Amino acid sequence: MVYDVVIIGSGLSGLQCANLLSEEGRSVCVLDKNDRIGGMMQSFARDGVVFNTGLNYTESLGEGEVLDKYFKLFGLKGNITLKQLDLNQAELVTIGDKEFALPQGIENYKDALKKNFPTEAEGIDKYMDMLHKVCHSFPLYNLHSDTENFNTESPYVAQSASAFINSVTSNKDLQAVLGGINILYAGQQDVTALYTHALINYSFIKSSWRVKEGGSGIANVLANGVKANGGIIKRNAEVVKMLVDKGMITDIHLKSGELVRGTNVISSMHPKSLLPLMPEDALKKAYKKRILTQEDSIGMFSVYITLKKNRIKYQNYNHHYFRSNEVWTTDHGLWPQNCLMYTVYNHRTTDYANGLCIITYMKFSEVSKWADTSIENRGDDYLAFKQEKAEQLISLAERKIPGLRSDIKACYTSSPLTYRDYTGSYNGSAYGVVKDYKNPLYSIITPQTRVKNLLFTGQNLNMHGILGVSISSFLTCAHLLGDKYLYKKLLNE
Ligand SMILES: Cc1cc2nc3c(=O)[nH]c(=O)nc-3n(C[C@H](O)[C@H](O)[C@H](O)COP(=O)(O)OP(=O)(O)OC[C@H]3O[C@@H](n4cnc5c(N)ncnc54)[C@H](O)[C@@H]3O)c2cc1C
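Model, not experiment: these values are computed from the prediction.

### Structural notes on the domain arrangement of the chain
On domain assignment, one finds that the chain holds domain 1 (2-81 + 213-294 + 445-491), domain 2 (84-89 + 104-209) and domain 3 (296-427). The straight-line distance from the C-alpha centre of domain 2 to that of domain 3 is 27 Å. With 16 residues of domain 2 at the interface, the matching set in domain 3 holds 15 residues. Ranked by the residues each element gives to the side of domain 2 that touches domain 3, the list is headed by helix α7 (residues 172-178), at three residues. Of the residues belonging to the side of domain 2 that touches domain 3, the class tally is five nonpolar, eight polar and three charged.

### Here's the deal with the sheet that holds strand β6 (residues 82-84)
With respect to topology, three strands assemble into an open sheet ordered β5-β9-β6, the strand pairing being antiparallel. Edge positions in the sheet fall to β5 (58-59) and β6, since each of these pairs with one other strand and no more. Alignment of β6 against strand β9 (residues 208-211), held across three bridges, turns out to be antiparallel. Each residue of the ladder has a partner; that of K83, found in β9, is R210.

### Side note on the sheet that holds strand β16 (residues 338-343)
Spatially, β8-β7-β15-β16-β17-β14-β18 is the arrangement adopted by the seven strands of the open sheet, whose pairing is mixed. Every interior strand has two partners, whereas the edge strands, β8 (98-102) and β18 (408-414), have only one. Averaged over all pairs of adjacent strands, the angle between their axes in this sheet comes to 20°, without regard to strand direction. Its contacts with the sheet put helix α12 (residues 380-398) on β14 (299-307), β15 (318-322), β16, β17 (355-362) and β18, and the angle it makes with β14 is roughly 75°.

### Regarding the pairing of strand β2 (residues 28-31)
Note on strand geometry: in a regular strand, side chains alternate between the two faces of the sheet. Because side chains alternate across β2, one face comprises the buried residues V28 and V30, and the other comprises C29 and L31, equally buried. As paired strands, strand β1 (residues 2-8) and β2 are joined by four bridges and run parallel to one another. Among the inter-strand pairings, I8 is bridged to a residue of β2, identified as L31. Remark: the β1/helix α1 (residues 12-23)/β2 crossover connection has right-handed handedness. Note that β2 and strand β10 (residues 232-234) share three bridges and pair parallel. Bridge pairing in β10 places V30 opposite I233.

### A few points about the pairing of strand β3 (residues 43-46)
With four bridges connecting them, β3 and strand β4 (residues 49-52) associate as antiparallel partners. Paired with R46 across the bridge in β4 is V49. Here β3 folds back onto β4 in antiparallel fashion, the turn holding two residues, of which D47 has a positive phi close to 50°.

### Some remarks on the packing of helix α2 (residues 66-73) against helix α16 (residues 465-481)
Contact geometry for α2 and α16: axes closest at 10 Å, N-to-C directions at 50°. Viewed along their axes, α2 and α16 adopt a mutual orientation that is oblique. The interaxial crossing formed by α2 with α16 has left-handed handedness. Contacts between α2 and α16 involve V66, L67 and Y70 from the first element and I466, L467, S470 and F474 from the second. Residues that form the contact of α2 with α16 fall into these classes: six nonpolar, one polar and no charged.

### Section: the environment of A163
On the secondary structure map, A163 appears in helix α6 (residues 161-168). Each C-alpha atom of the pair A163 and Q189 lies 8.0 Å from the other, and the pair is 26 residues apart in sequence.

Definitions and cut-offs
Residues numbered from 1 in each chain as written. Predicted model: local features only at pLDDT ≥ 70, side-chain atom pairs only at ≥ 80, totals over all residues. Domains from an automatic or database assignment. Contact = placed C-beta atoms within 7 Å. Helix = DSSP H or I, 4+ residues; strand = E, 2+ residues; numbered from the N terminus. Nonpolar A, V, L, I, M, F, W, Y, C, P; charged D, E, K, R; others polar. Pairing = 2+ DSSP bridges. Axes fitted to C-alpha atoms, helices over the stretch in contact; angles between N-to-C directions. Buried ≥ 20, exposed ≤ 12 C-beta atoms within 10 Å, placed from the backbone. Right-handed = clockwise from strand over helix to strand, strands pointing away. Parallel < 35°, antiparallel > 145°, perpendicular 65-115°, else oblique. Left-handed = near helix turned anticlockwise from the far one by under 90°.

Structure below.
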(Lines give C-alpha, C1' and ligand atoms only; values in the text may rest on other atoms or scores of the structure.)
Protein backbone atom coordinates (compact mmCIF):
# COMPACT_ATOMS: atom_id res chain seq x y z
CA MET A 1 0.00 0.00 0.00
CA VAL A 2 1.14 3.56 -0.69
CA TYR A 3 0.10 5.75 2.25
CA ASP A 4 -0.85 9.38 1.71
CA VAL A 5 1.67 10.34 4.39
CA VAL A 6 4.45 8.35 6.04
CA ILE A 7 5.58 10.01 9.28
CA ILE A 8 8.97 9.22 10.77
CA GLY A 9 8.92 9.47 14.57
CA SER A 10 6.14 9.03 17.10
CA GLY A 11 7.17 11.89 19.40
CA LEU A 12 4.85 14.81 20.04
CA SER A 13 5.30 16.29 16.56
CA GLY A 14 4.96 13.03 14.62
CA LEU A 15 1.80 12.05 16.50
CA GLN A 16 0.27 15.53 16.25
CA CYS A 17 0.78 15.52 12.47
CA ALA A 18 -0.56 11.97 12.20
CA ASN A 19 -3.59 12.82 14.30
CA LEU A 20 -4.53 15.91 12.32
CA LEU A 21 -3.82 14.48 8.88
CA SER A 22 -5.72 11.25 9.57
CA GLU A 23 -8.65 13.27 10.92
CA GLU A 24 -8.59 15.13 7.61
CA GLY A 25 -8.96 11.85 5.74
CA ARG A 26 -5.32 11.14 4.83
CA SER A 27 -4.06 7.58 5.19
CA VAL A 28 -1.07 7.80 7.53
CA CYS A 29 1.63 5.43 8.71
CA VAL A 30 3.84 6.44 11.65
CA LEU A 31 7.22 4.72 11.99
CA ASP A 32 9.25 4.77 15.20
CA LYS A 33 12.53 3.01 15.90
CA ASN A 34 11.58 2.37 19.53
CA ASP A 35 9.37 -0.35 20.92
CA ARG A 36 7.38 2.36 22.70
CA ILE A 37 5.73 5.39 21.15
CA GLY A 38 6.19 8.95 22.39
CA GLY A 39 9.82 9.96 21.83
CA MET A 40 10.40 12.54 24.57
CA MET A 41 6.78 12.08 25.64
CA GLN A 42 7.65 8.62 26.96
CA SER A 43 6.99 7.99 30.64
CA PHE A 44 8.57 5.18 32.61
CA ALA A 45 7.94 3.61 36.02
CA ARG A 46 10.45 2.85 38.77
CA ASP A 47 9.27 1.27 42.06
CA GLY A 48 5.70 2.08 40.99
CA VAL A 49 6.45 5.80 40.47
CA VAL A 50 5.78 7.19 37.01
CA PHE A 51 8.39 9.65 35.70
CA ASN A 52 8.34 11.65 32.47
CA THR A 53 11.20 11.96 30.00
CA GLY A 54 10.64 15.38 28.40
CA LEU A 55 7.60 16.79 30.17
CA ASN A 56 7.54 18.39 33.58
CA TYR A 57 5.00 21.10 32.86
CA THR A 58 3.58 23.08 30.01
CA GLU A 59 2.20 26.51 29.36
CA SER A 60 -0.71 28.74 28.32
CA LEU A 61 -3.43 26.10 28.56
CA GLY A 62 -6.01 28.38 30.19
CA GLU A 63 -9.28 28.68 28.24
CA GLY A 64 -8.57 30.49 24.94
CA GLU A 65 -4.82 30.80 25.58
CA VAL A 66 -2.41 29.95 22.81
CA LEU A 67 -1.55 26.31 23.58
CA ASP A 68 -5.17 25.63 24.53
CA LYS A 69 -6.07 26.42 20.91
CA TYR A 70 -3.38 24.13 19.51
CA PHE A 71 -4.36 21.33 21.91
CA LYS A 72 -7.94 21.65 20.71
CA LEU A 73 -6.78 21.37 17.09
CA PHE A 74 -4.79 18.20 17.86
CA GLY A 75 -7.59 16.55 19.86
CA LEU A 76 -5.81 16.85 23.22
CA LYS A 77 -8.09 19.34 24.89
CA GLY A 78 -10.46 17.66 27.34
CA ASN A 79 -8.69 14.32 26.99
CA ILE A 80 -5.93 14.94 29.53
CA THR A 81 -6.19 16.03 33.17
CA LEU A 82 -4.49 19.34 33.90
CA LYS A 83 -3.30 20.71 37.21
CA GLN A 84 -2.37 24.37 37.31
CA LEU A 85 0.72 25.21 39.31
CA ASP A 86 0.44 27.51 42.34
CA LEU A 87 -0.89 30.87 41.23
CA ASN A 88 1.35 32.71 43.67
CA GLN A 89 4.43 30.61 43.13
CA ALA A 90 4.65 28.61 39.93
CA GLU A 91 8.41 29.02 39.99
CA LEU A 92 10.76 29.45 42.90
CA VAL A 93 14.09 30.89 41.75
CA THR A 94 16.91 30.63 44.26
CA ILE A 95 20.08 32.61 43.64
CA GLY A 96 22.63 31.59 46.27
CA ASP A 97 20.67 32.02 49.50
CA LYS A 98 18.07 34.47 48.14
CA GLU A 99 14.67 33.09 47.15
CA PHE A 100 12.23 34.69 44.70
CA ALA A 101 8.70 33.35 44.26
CA LEU A 102 7.34 33.97 40.76
CA PRO A 103 3.56 33.86 40.33
CA GLN A 104 1.41 33.28 37.25
CA GLY A 105 -0.50 36.07 35.51
CA ILE A 106 1.21 39.06 33.91
CA GLU A 107 0.13 41.61 36.54
CA ASN A 108 0.80 39.26 39.48
CA TYR A 109 4.23 38.54 38.13
CA LYS A 110 5.10 42.22 37.75
CA ASP A 111 3.73 43.01 41.23
CA ALA A 112 5.80 40.24 42.83
CA LEU A 113 8.96 41.47 41.13
CA LYS A 114 8.25 45.06 42.12
CA LYS A 115 7.86 43.99 45.77
CA ASN A 116 11.26 42.32 45.65
CA PHE A 117 12.89 45.10 43.61
CA PRO A 118 11.00 48.31 44.49
CA THR A 119 13.45 50.62 42.73
CA GLU A 120 13.20 48.65 39.46
CA ALA A 121 9.51 49.17 38.66
CA GLU A 122 10.17 50.98 35.39
CA GLY A 123 12.53 48.27 34.12
CA ILE A 124 10.05 45.54 35.10
CA ASP A 125 7.27 47.23 33.11
CA LYS A 126 9.59 47.67 30.13
CA TYR A 127 10.56 44.01 30.33
CA MET A 128 6.99 42.78 30.30
CA ASP A 129 5.91 45.20 27.56
CA MET A 130 8.69 43.86 25.37
CA LEU A 131 7.76 40.22 26.05
CA HIS A 132 4.21 41.01 25.03
CA LYS A 133 5.40 42.78 21.89
CA VAL A 134 7.77 39.98 20.87
CA CYS A 135 5.18 37.24 21.35
CA HIS A 136 2.53 39.14 19.48
CA SER A 137 4.87 39.71 16.53
CA PHE A 138 4.42 36.00 15.72
CA PRO A 139 1.13 35.44 13.91
CA LEU A 140 1.05 31.80 15.02
CA TYR A 141 1.21 32.99 18.63
CA ASN A 142 -0.97 36.02 18.19
CA LEU A 143 -3.73 34.07 16.40
CA HIS A 144 -5.83 36.88 14.99
CA SER A 145 -8.36 36.22 12.29
CA ASP A 146 -7.12 39.13 10.14
CA THR A 147 -3.66 37.59 9.74
CA GLU A 148 -2.72 37.61 6.06
CA ASN A 149 0.44 35.56 6.20
CA PHE A 150 1.48 33.64 9.27
CA ASN A 151 5.02 33.10 8.02
CA THR A 152 5.84 36.80 8.54
CA GLU A 153 9.30 37.15 10.02
CA SER A 154 9.54 38.61 13.53
CA PRO A 155 12.17 41.36 14.00
CA TYR A 156 13.11 39.88 17.38
CA VAL A 157 14.93 36.79 16.12
CA ALA A 158 18.13 38.83 15.80
CA GLN A 159 18.20 40.25 19.34
CA SER A 160 19.96 38.83 22.35
CA ALA A 161 17.85 37.77 25.34
CA SER A 162 20.46 38.52 28.00
CA ALA A 163 21.46 41.87 26.44
CA PHE A 164 17.81 42.91 26.40
CA ILE A 165 17.39 41.98 30.08
CA ASN A 166 20.55 43.89 30.96
CA SER A 167 19.17 46.91 29.11
CA VAL A 168 16.08 47.15 31.33
CA THR A 169 17.88 46.76 34.66
CA SER A 170 21.40 46.89 36.00
CA ASN A 171 20.36 45.05 39.17
CA LYS A 172 22.27 41.76 38.99
CA ASP A 173 19.74 39.80 41.06
CA LEU A 174 16.81 41.00 38.99
CA GLN A 175 18.70 40.16 35.80
CA ALA A 176 19.25 36.67 37.20
CA VAL A 177 15.61 36.25 38.24
CA LEU A 178 14.36 37.29 34.78
CA GLY A 179 16.65 34.64 33.29
CA GLY A 180 15.87 32.25 36.16
CA ILE A 181 13.89 29.59 34.26
CA ASN A 182 16.38 29.40 31.43
CA ILE A 183 17.01 25.68 31.93
CA LEU A 184 13.78 25.43 29.93
CA TYR A 185 15.69 26.60 26.87
CA ALA A 186 19.35 26.07 27.88
CA GLY A 187 19.89 29.84 27.84
CA GLN A 188 23.34 31.11 26.93
CA GLN A 189 24.62 34.64 27.45
CA ASP A 190 25.76 35.54 23.96
CA VAL A 191 23.67 33.08 21.99
CA THR A 192 20.03 32.84 23.08
CA ALA A 193 17.67 34.94 21.02
CA LEU A 194 15.18 37.27 22.65
CA TYR A 195 12.28 35.55 20.90
CA THR A 196 13.15 32.18 22.45
CA HIS A 197 13.27 33.71 25.93
CA ALA A 198 10.14 35.80 25.37
CA LEU A 199 7.92 33.08 23.92
CA ILE A 200 8.82 30.66 26.70
CA ASN A 201 8.82 33.06 29.67
CA TYR A 202 5.68 34.91 28.64
CA SER A 203 3.71 31.72 27.93
CA PHE A 204 4.63 30.15 31.28
CA ILE A 205 3.89 33.41 33.13
CA LYS A 206 0.44 33.44 31.54
CA SER A 207 -0.29 30.02 33.00
CA SER A 208 1.63 26.83 33.90
CA TRP A 209 0.24 23.31 34.07
CA ARG A 210 1.20 19.73 34.86
CA VAL A 211 -0.47 16.80 33.11
CA LYS A 212 -1.69 14.02 35.41
CA GLU A 213 -1.37 11.32 32.76
CA GLY A 214 2.17 12.53 31.96
CA GLY A 215 3.92 12.57 28.60
CA SER A 216 2.77 9.06 27.75
CA GLY A 217 -0.81 10.17 28.42
CA ILE A 218 -0.42 12.85 25.75
CA ALA A 219 1.17 10.36 23.33
CA ASN A 220 -1.61 7.83 23.96
CA VAL A 221 -4.43 10.31 23.32
CA LEU A 222 -2.82 11.31 20.02
CA ALA A 223 -2.06 7.70 19.04
CA ASN A 224 -5.59 6.54 19.86
CA GLY A 225 -6.91 9.32 17.65
CA VAL A 226 -4.66 8.17 14.79
CA LYS A 227 -5.84 4.57 15.14
CA ALA A 228 -9.50 5.59 15.40
CA ASN A 229 -9.03 7.48 12.12
CA GLY A 230 -7.67 4.33 10.47
CA GLY A 231 -3.98 5.29 10.74
CA ILE A 232 -1.17 2.82 11.37
CA ILE A 233 1.58 3.16 13.98
CA LYS A 234 4.55 0.83 13.59
CA ARG A 235 6.96 0.39 16.50
CA ASN A 236 10.44 -1.15 16.18
CA ALA A 237 10.41 0.42 12.73
CA GLU A 238 13.74 2.21 12.35
CA VAL A 239 14.18 4.00 9.06
CA VAL A 240 17.64 3.20 7.72
CA LYS A 241 17.51 4.29 4.07
CA MET A 242 15.38 6.34 1.71
CA LEU A 243 15.51 6.19 -2.06
CA VAL A 244 14.97 9.36 -4.06
CA ASP A 245 14.03 9.45 -7.72
CA LYS A 246 13.36 12.62 -9.74
CA GLY A 247 13.37 14.72 -6.56
CA MET A 248 10.82 12.54 -4.73
CA ILE A 249 11.24 9.92 -2.01
CA THR A 250 10.07 6.63 -3.48
CA ASP A 251 11.04 3.96 -0.94
CA ILE A 252 11.56 4.00 2.81
CA HIS A 253 13.61 1.06 4.04
CA LEU A 254 13.32 -0.14 7.62
CA LYS A 255 16.00 -1.96 9.60
CA SER A 256 13.74 -5.03 9.62
CA GLY A 257 14.00 -5.17 5.83
CA GLU A 258 10.43 -3.95 5.34
CA LEU A 259 9.73 -1.37 2.66
CA VAL A 260 7.21 1.44 3.26
CA ARG A 261 5.92 3.86 0.64
CA GLY A 262 4.13 7.18 0.92
CA THR A 263 3.04 9.96 -1.41
CA ASN A 264 4.40 12.38 1.17
CA VAL A 265 6.94 11.88 3.94
CA ILE A 266 7.16 13.88 7.16
CA SER A 267 10.27 13.48 9.27
CA SER A 268 10.50 14.47 12.92
CA MET A 269 13.99 13.02 13.18
CA HIS A 270 16.76 15.52 13.64
CA PRO A 271 17.51 16.68 10.07
CA LYS A 272 21.20 15.93 10.75
CA SER A 273 20.29 12.28 11.32
CA LEU A 274 17.98 12.11 8.32
CA LEU A 275 20.32 13.46 5.64
CA PRO A 276 22.75 10.52 5.76
CA LEU A 277 19.81 8.17 5.04
CA MET A 278 19.22 9.77 1.63
CA PRO A 279 21.29 9.54 -1.58
CA GLU A 280 24.26 11.96 -1.70
CA ASP A 281 22.77 14.10 -4.47
CA ALA A 282 19.21 14.36 -3.11
CA LEU A 283 19.87 17.77 -1.59
CA LYS A 284 22.16 20.65 -2.55
CA LYS A 285 25.64 20.62 -1.02
CA ALA A 286 25.22 24.07 0.55
CA TYR A 287 21.94 23.05 2.22
CA LYS A 288 23.46 19.85 3.54
CA LYS A 289 26.46 21.72 4.88
CA ARG A 290 24.19 24.18 6.69
CA ILE A 291 22.14 21.39 8.27
CA LEU A 292 25.10 19.23 9.21
CA THR A 293 26.96 22.13 10.86
CA GLN A 294 24.07 23.25 13.07
CA GLU A 295 24.99 23.48 16.73
CA ASP A 296 22.76 21.53 19.09
CA SER A 297 21.74 22.47 22.60
CA ILE A 298 23.55 20.98 25.56
CA GLY A 299 22.14 17.75 27.03
CA MET A 300 20.81 17.00 30.50
CA PHE A 301 21.76 14.77 33.40
CA SER A 302 18.68 13.76 35.38
CA VAL A 303 18.26 12.06 38.73
CA TYR A 304 14.91 10.33 39.26
CA ILE A 305 14.32 9.64 42.94
CA THR A 306 11.62 7.40 44.36
CA LEU A 307 10.73 8.66 47.84
CA LYS A 308 9.90 6.90 51.07
CA LYS A 309 6.23 7.21 52.02
CA ASN A 310 4.94 10.51 53.44
CA ARG A 311 8.34 12.17 53.69
CA ILE A 312 8.31 15.05 51.18
CA LYS A 313 5.17 17.03 50.42
CA TYR A 314 4.11 17.42 46.79
CA GLN A 315 5.25 20.88 45.70
CA ASN A 316 3.00 22.50 43.16
CA TYR A 317 5.82 24.55 41.72
CA ASN A 318 9.30 24.22 40.18
CA HIS A 319 12.43 25.10 42.02
CA HIS A 320 15.29 26.58 39.97
CA TYR A 321 18.45 26.69 42.03
CA PHE A 322 21.62 28.60 41.06
CA ARG A 323 24.78 28.79 43.12
CA SER A 324 25.27 32.41 42.01
CA ASN A 325 23.60 35.08 39.87
CA GLU A 326 25.59 33.89 36.82
CA VAL A 327 22.53 32.23 35.30
CA TRP A 328 23.32 32.74 31.61
CA THR A 329 25.74 29.98 30.91
CA THR A 330 25.47 26.26 30.48
CA ASP A 331 29.19 25.69 30.80
CA HIS A 332 30.61 26.48 34.23
CA GLY A 333 33.86 25.04 35.49
CA LEU A 334 32.12 23.86 38.64
CA TRP A 335 29.55 21.08 38.08
CA PRO A 336 26.67 21.18 38.84
CA GLN A 337 26.24 24.93 38.87
CA ASN A 338 22.47 24.90 38.92
CA CYS A 339 19.53 22.52 38.89
CA LEU A 340 15.81 22.26 38.41
CA MET A 341 14.01 20.30 41.13
CA TYR A 342 10.39 19.23 41.11
CA THR A 343 8.23 16.66 42.82
CA VAL A 344 6.46 14.43 40.31
CA TYR A 345 2.74 14.67 39.73
CA ASN A 346 0.80 11.57 38.71
CA HIS A 347 -2.25 9.48 39.58
CA ARG A 348 -0.72 8.40 42.88
CA THR A 349 0.29 11.85 44.11
CA THR A 350 -1.38 12.74 47.43
CA ASP A 351 -0.39 15.56 49.76
CA TYR A 352 2.92 13.79 49.65
CA ALA A 353 5.08 13.13 46.59
CA ASN A 354 6.26 9.66 45.60
CA GLY A 355 9.01 10.94 43.32
CA LEU A 356 11.43 13.82 42.87
CA CYS A 357 13.42 14.86 39.79
CA ILE A 358 16.63 16.84 39.78
CA ILE A 359 17.95 17.98 36.40
CA THR A 360 21.06 19.84 35.32
CA TYR A 361 23.13 20.40 32.19
CA MET A 362 25.65 17.89 30.89
CA LYS A 363 27.83 18.19 27.80
CA PHE A 364 28.02 15.20 25.46
CA SER A 365 31.82 15.26 25.77
CA GLU A 366 31.38 14.06 29.38
CA VAL A 367 29.95 10.77 28.12
CA SER A 368 31.47 10.54 24.64
CA LYS A 369 33.89 7.79 25.64
CA TRP A 370 30.84 5.51 25.98
CA ALA A 371 29.33 6.74 22.70
CA ASP A 372 29.67 3.35 21.01
CA THR A 373 27.82 1.48 23.76
CA SER A 374 24.12 0.69 24.01
CA ILE A 375 21.51 0.87 26.79
CA GLU A 376 22.29 -1.46 29.75
CA ASN A 377 25.65 -2.38 28.16
CA ARG A 378 27.86 0.59 28.89
CA GLY A 379 30.11 -1.01 31.51
CA ASP A 380 30.88 -0.54 35.20
CA ASP A 381 32.92 2.63 34.71
CA TYR A 382 29.87 4.34 33.18
CA LEU A 383 27.71 3.24 36.12
CA ALA A 384 30.34 4.59 38.53
CA PHE A 385 30.45 7.87 36.59
CA LYS A 386 26.67 8.25 36.81
CA GLN A 387 26.70 7.35 40.50
CA GLU A 388 29.30 10.02 41.24
CA LYS A 389 27.37 12.64 39.26
CA ALA A 390 24.13 11.71 41.03
CA GLU A 391 25.82 12.15 44.43
CA GLN A 392 27.07 15.61 43.40
CA LEU A 393 23.65 16.65 42.17
CA ILE A 394 21.88 15.35 45.29
CA SER A 395 24.40 17.25 47.44
CA LEU A 396 23.47 20.44 45.59
CA ALA A 397 19.75 19.73 46.03
CA GLU A 398 20.26 19.06 49.75
CA ARG A 399 21.13 22.71 50.20
CA LYS A 400 17.44 23.40 49.64
CA ILE A 401 15.97 20.06 50.78
CA PRO A 402 17.88 19.31 53.99
CA GLY A 403 18.03 15.60 54.82
CA LEU A 404 16.96 14.59 51.30
CA ARG A 405 19.22 11.52 51.32
CA SER A 406 17.31 9.98 54.22
CA ASP A 407 14.01 10.34 52.27
CA ILE A 408 15.29 8.44 49.23
CA LYS A 409 14.00 4.95 48.52
CA ALA A 410 15.95 4.51 45.29
CA CYS A 411 17.69 6.66 42.74
CA TYR A 412 17.92 6.31 38.91
CA THR A 413 19.79 8.46 36.43
CA SER A 414 19.89 9.42 32.78
CA SER A 415 22.73 11.07 30.85
CA PRO A 416 22.84 12.56 27.35
CA LEU A 417 23.54 8.99 26.13
CA THR A 418 20.26 7.81 27.65
CA TYR A 419 18.34 10.58 25.86
CA ARG A 420 20.20 9.81 22.61
CA ASP A 421 19.33 6.12 22.73
CA TYR A 422 15.74 6.39 23.97
CA THR A 423 14.57 9.43 22.03
CA GLY A 424 16.97 9.61 19.08
CA SER A 425 17.99 13.17 19.95
CA TYR A 426 21.28 14.13 18.28
CA ASN A 427 24.14 13.44 20.74
CA GLY A 428 21.59 13.59 23.54
CA SER A 429 20.88 17.27 22.92
CA ALA A 430 17.92 18.32 25.05
CA TYR A 431 16.31 20.87 22.77
CA GLY A 432 17.81 20.34 19.29
CA VAL A 433 19.15 23.07 17.01
CA VAL A 434 20.40 26.17 18.86
CA LYS A 435 18.79 29.43 17.73
CA ASP A 436 21.63 31.94 17.81
CA TYR A 437 20.46 35.56 17.62
CA LYS A 438 23.71 36.50 15.83
CA ASN A 439 22.84 34.37 12.83
CA PRO A 440 19.09 33.68 12.94
CA LEU A 441 18.64 32.68 9.30
CA TYR A 442 21.34 30.03 9.55
CA SER A 443 19.51 28.06 12.20
CA ILE A 444 16.00 28.40 10.84
CA ILE A 445 14.92 25.12 9.30
CA THR A 446 11.72 25.26 7.31
CA PRO A 447 9.39 22.28 6.82
CA GLN A 448 9.97 22.25 3.05
CA THR A 449 13.01 20.76 1.41
CA ARG A 450 14.23 20.44 -2.17
CA VAL A 451 12.95 16.86 -2.08
CA LYS A 452 9.40 17.72 -3.11
CA ASN A 453 7.51 15.16 -1.05
CA LEU A 454 9.60 15.52 2.13
CA LEU A 455 8.64 17.82 5.01
CA PHE A 456 10.38 18.32 8.31
CA THR A 457 8.62 18.84 11.62
CA GLY A 458 9.44 18.82 15.34
CA GLN A 459 11.58 20.69 17.80
CA ASN A 460 14.44 21.45 15.41
CA LEU A 461 12.32 23.78 13.28
CA ASN A 462 11.19 26.90 15.12
CA MET A 463 11.26 26.16 18.79
CA HIS A 464 11.38 23.16 21.12
CA GLY A 465 8.95 22.41 23.94
CA ILE A 466 5.29 21.49 23.83
CA LEU A 467 4.22 24.88 22.48
CA GLY A 468 7.08 25.21 19.98
CA VAL A 469 6.57 21.69 18.67
CA SER A 470 2.78 22.16 18.39
CA ILE A 471 3.40 25.23 16.22
CA SER A 472 5.87 23.27 14.06
CA SER A 473 3.33 20.46 13.63
CA PHE A 474 0.77 23.03 12.55
CA LEU A 475 3.17 24.56 10.01
CA THR A 476 4.08 21.17 8.57
CA CYS A 477 0.45 20.07 8.23
CA ALA A 478 -0.43 23.45 6.67
CA HIS A 479 1.74 22.47 3.68
CA LEU A 480 -0.46 19.46 3.03
CA LEU A 481 -3.87 20.75 4.08
CA GLY A 482 -3.67 24.36 2.94
CA ASP A 483 -2.61 27.17 5.26
CA LYS A 484 -5.78 29.26 5.08
CA TYR A 485 -7.98 26.25 5.75
CA LEU A 486 -5.90 25.08 8.70
CA TYR A 487 -5.55 28.54 10.19
CA LYS A 488 -9.33 28.91 10.18
CA LYS A 489 -9.68 25.53 11.79
CA LEU A 490 -7.16 26.55 14.47
CA LEU A 491 -9.10 29.73 15.16
CA ASN A 492 -12.27 27.63 15.19
CA GLU A 493 -13.93 29.84 12.56
C1 LIG B 1 14.97 16.57 30.06
C2 LIG B 1 13.95 17.29 29.22
C3 LIG B 1 12.88 17.90 29.85
C4 LIG B 1 11.93 18.58 29.10
N5 LIG B 1 10.88 19.17 29.76
C6 LIG B 1 9.97 19.87 29.06
C7 LIG B 1 8.87 20.48 29.73
O8 LIG B 1 8.72 20.38 30.96
N9 LIG B 1 7.98 21.21 28.99
C10 LIG B 1 8.11 21.35 27.63
O11 LIG B 1 7.29 22.03 27.01
N12 LIG B 1 9.13 20.75 26.95
C13 LIG B 1 10.06 20.01 27.63
N14 LIG B 1 11.09 19.39 26.96
C15 LIG B 1 11.17 19.51 25.48
C16 LIG B 1 10.15 18.60 24.77
O17 LIG B 1 10.06 17.35 25.41
C18 LIG B 1 10.59 18.38 23.30
O19 LIG B 1 10.85 19.62 22.69
C20 LIG B 1 9.55 17.64 22.44
O21 LIG B 1 8.98 16.55 23.11
C22 LIG B 1 10.22 17.17 21.13
O23 LIG B 1 9.28 16.49 20.32
P24 LIG B 1 9.68 16.01 18.84
O25 LIG B 1 8.50 15.35 18.27
O26 LIG B 1 10.27 17.16 18.10
O27 LIG B 1 10.91 14.99 19.05
P28 LIG B 1 11.02 13.55 19.71
O29 LIG B 1 10.10 13.41 20.86
O30 LIG B 1 12.47 13.36 19.99
O31 LIG B 1 10.54 12.54 18.59
C32 LIG B 1 11.39 12.05 17.58
C33 LIG B 1 11.03 10.59 17.36
O34 LIG B 1 11.73 10.12 16.20
C35 LIG B 1 12.08 8.77 16.44
N36 LIG B 1 13.18 8.42 15.52
C37 LIG B 1 14.44 8.94 15.52
N38 LIG B 1 15.15 8.35 14.54
C39 LIG B 1 14.34 7.47 13.92
C40 LIG B 1 14.51 6.56 12.82
N41 LIG B 1 15.67 6.45 12.15
N42 LIG B 1 13.46 5.79 12.44
C43 LIG B 1 12.27 5.89 13.09
N44 LIG B 1 12.06 6.72 14.14
C45 LIG B 1 13.08 7.50 14.54
C46 LIG B 1 12.49 8.74 17.91
O47 LIG B 1 12.46 7.43 18.45
C48 LIG B 1 11.44 9.67 18.52
O49 LIG B 1 10.32 8.95 18.97
C50 LIG B 1 12.05 18.67 27.67
C51 LIG B 1 13.12 18.03 27.05
C52 LIG B 1 14.06 17.35 27.80
C53 LIG B 1 15.20 16.67 27.11
